[in-house]
Amino acid sequence: MTAQSTTRVTGPDAASIADAARILAAGGLVAFPTETVYGLGADATNGIAVARLYEAKGRPAFNPLIAHVPDIGAAQALVAFDQAAAALAAAFWPGPLTLVLPKAAACPVAALATAGLDTLAVRVPNHPVAHAILDAFGKPIVAPSANRSGHVSPTTAAHVHADLAGRIDLIIDGGQTPVGVESTIVACLGEPMLLRPGGLPREAIERVLKNKLHAAPAAATDNGAAPLSPGMLATHYAPRARLRLNAKHAEPGEALLAFGSVSPADAGRAKIVLNLSPRGDPIEAAANLFAHLRALDSAGAGTIAVMPIPDDGLGEAVNDRLARAAAGR
Ligand code: TXA
Ligand code: MG
């Protein structure tokens, strides 16, 4: 599959930073330090790279990711800032604060990175190595904490290596991360809401807002973030069309979400066909999932027939999301 046979570990010298940028541009995975914890970076605009990232972490589901950018200007190309968000960004970026904001219309971040949501988490890290990589790469980098899913976040390159050796391309060792806990996550989608306590204290945020932060709606998840999105994805991404899962054939007039080869008869009966992966690759299917669902939905068919997808690798997460989308309607 995508597992890399060797994972190189290098220092943060100029040649290694250039290497990191090259690997990211080629769709590879690079772990690097931020001021909070080590992140596992991928090109935010490359759906296949994002799918590989989920696979390397062994994430059971597609939790949405944080897009890392070098400055506020770069963030403004991705998301819409309201007044509160602008004040928080001005006060705390670069720094351990992540803002969840409405995606901009022309946001180039892959649909998979936001798990199909209309919001995007963004942050400007405060670490020279993270900045060097962002500058060299020149595009947003999605980076969850660089640990296997369910493990604690890594604060040294050795932690990253212990979890992800053989699964990613490169680890840039920039020493121990100074903050040591993940960023604080605040959603500004109306009244500012604390989704995850983290490296920036709540009090500092409330001083800038001149207001208390609202509490997140429900209990915290495994890594401390409230399930504003992950736990509620079933209701967040639900197509208008009915989803018919495990469809062996398309019925006349249905939209067909295909996987693997499609018979000419099915292609003829379907109103429209989009293929998650003609070669039957679950990584490619994951990368295409949310964008294809949206495209078929807007084509106006009453029912989207979804061909069977094996539960191998990322196929399990693809099927999980399809089941939620089918139920959430
Ligand atoms: O300090 C950090 O934030 C580190 C470094 C590497 O930047 N990153 C990090 O990422 O902790 P991760 O993926 O381990 O945690 C991100 C959290 C997840 O709980 C995810 O559900 C939440 O952010 N999140 C991401 N996008 C979201 C969105 N659109 N709405 C709500 N929550 C979101
Ligand atoms: Mg994490």
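So, how was this worked out
Residues numbered from 1 in each chain as written. Chains lettered and ligands numbered in written order. Predicted model: local features only at pLDDT ≥ 70, side-chain atom pairs only at ≥ 80, totals over all residues. Heavy atoms only, no water. Helix = DSSP H or I, 4+ residues; strand = E, 2+ residues; numbered from the N terminus. Rg over C-alpha atoms; globule rule 2.2 N^0.38 Å. Buried < 20%, exposed > 50% of the residue type's maximum accessible area, 1.4 Å probe, protein only. Contact = heavy atoms within 4.5 Å. Areas by Shrake-Rupley, 256 points an atom, 1.4 Å probe, with all protein chains shown as cover. Pairing = 2+ DSSP bridges. Axes fitted to C-alpha atoms, helices over the stretch in contact; angles between N-to-C directions. Domains from an automatic or database assignment. Buried area = accessible area lost by both parts, 1.4 Å probe. Salt bridge = Lys/Arg side-chain N within 4 Å of Asp/Glu carboxyl O. Polar contact = N/O pair within 3.5 Å; in protein donor to acceptor, adjacent residues only side chain to side chain. Nonpolar A, V, L, I, M, F, W, Y, C, P; charged D, E, K, R; others polar.

Describing the overall build of the chain
Looking only at helices and strands, one finds 11 helices and 15 strands in the chain. Taken over C-alpha atoms, the radius of gyration comes to 20 Å for the chain, in line with the 20 Å a tight globule of 329 residues would show. Reported as C-alpha extents along the three principal axes, the dimensions of the chain are approximately 60 × 50 × 30 Å. Every one of the 329 residues in the chain was classed for burial, and the buried ones make up 53%. Looking at the chain alone, contacts between residues at least 24 apart form 66% of all its contacts between residues at least 6 apart. As displayed, the chain has an accessible area near 13200 Å², and 54% of this comes from carbon and sulfur atoms.

A few points about the sheet that holds strand β12 (residues 242-244)
Reading across the sheet, the four strands line up as β12-β15-β13-β14 and stay open at both edges, with parallel pairing between neighbours. Of all the strands in the sheet, the pair left with one neighbour each is β12 and β14 (272-275). Taken over all neighbouring pairs, the strand axes of this sheet differ in orientation by 20 degrees on average, direction set aside. Bridging between β12 and strand β15 (residues 303-306) involves three bridges; their strand directions are parallel. Directly across from Leu 243, in β15, lies its bridge partner Ile 304. The strands touched by helix α10 (residues 282-298) within the sheet are β12, β13 (255-258), β14 and β15, with β14 carrying the most contacts at an inclination of about 175 degrees.

A short note on the domain arrangement of the chain
Domain assignment breaks the chain into domain 1 (8-234) and domain 2 (242-326). Domain 1 puts 17 residues into the contact, and the matching count from domain 2 is 15 residues. A buried area of about 1400 Å², summed over both sides, lies between domain 1 and domain 2, and 67% of it is on carbon and sulfur atoms. Counting the contacts that link domain 1 with domain 2 gives zero salt bridges. In this structure, the connection of domain 1 to domain 2 is made through zero residue pairs in polar contact (both at pLDDT 80 or more). Mapped by element, the contributors of at least two residues to the side of domain 1 that touches domain 2 are α2 (47-57) and α8 (233-236). The leading source of residues in the side of domain 1 that touches domain 2 is α2, at six residues. Classifying every residue of the side of domain 1 that touches domain 2 gives 12 nonpolar, two polar and three charged.

Observations concerning unusual backbone geometry
Of note, the bond from Trp 93 into Pro 94 is cis; its omega dihedral lies within 30 degrees of zero at -5 degrees. Considering the arrangement of structural elements, one finds Pro 94 in the loop between α4 (83-92) and β5 (97-102). A positive phi angle, near 55 degrees, is found at Lys 210, a position not held by glycine. For Lys 210, a relative accessible area of 73% puts it in the exposed group.

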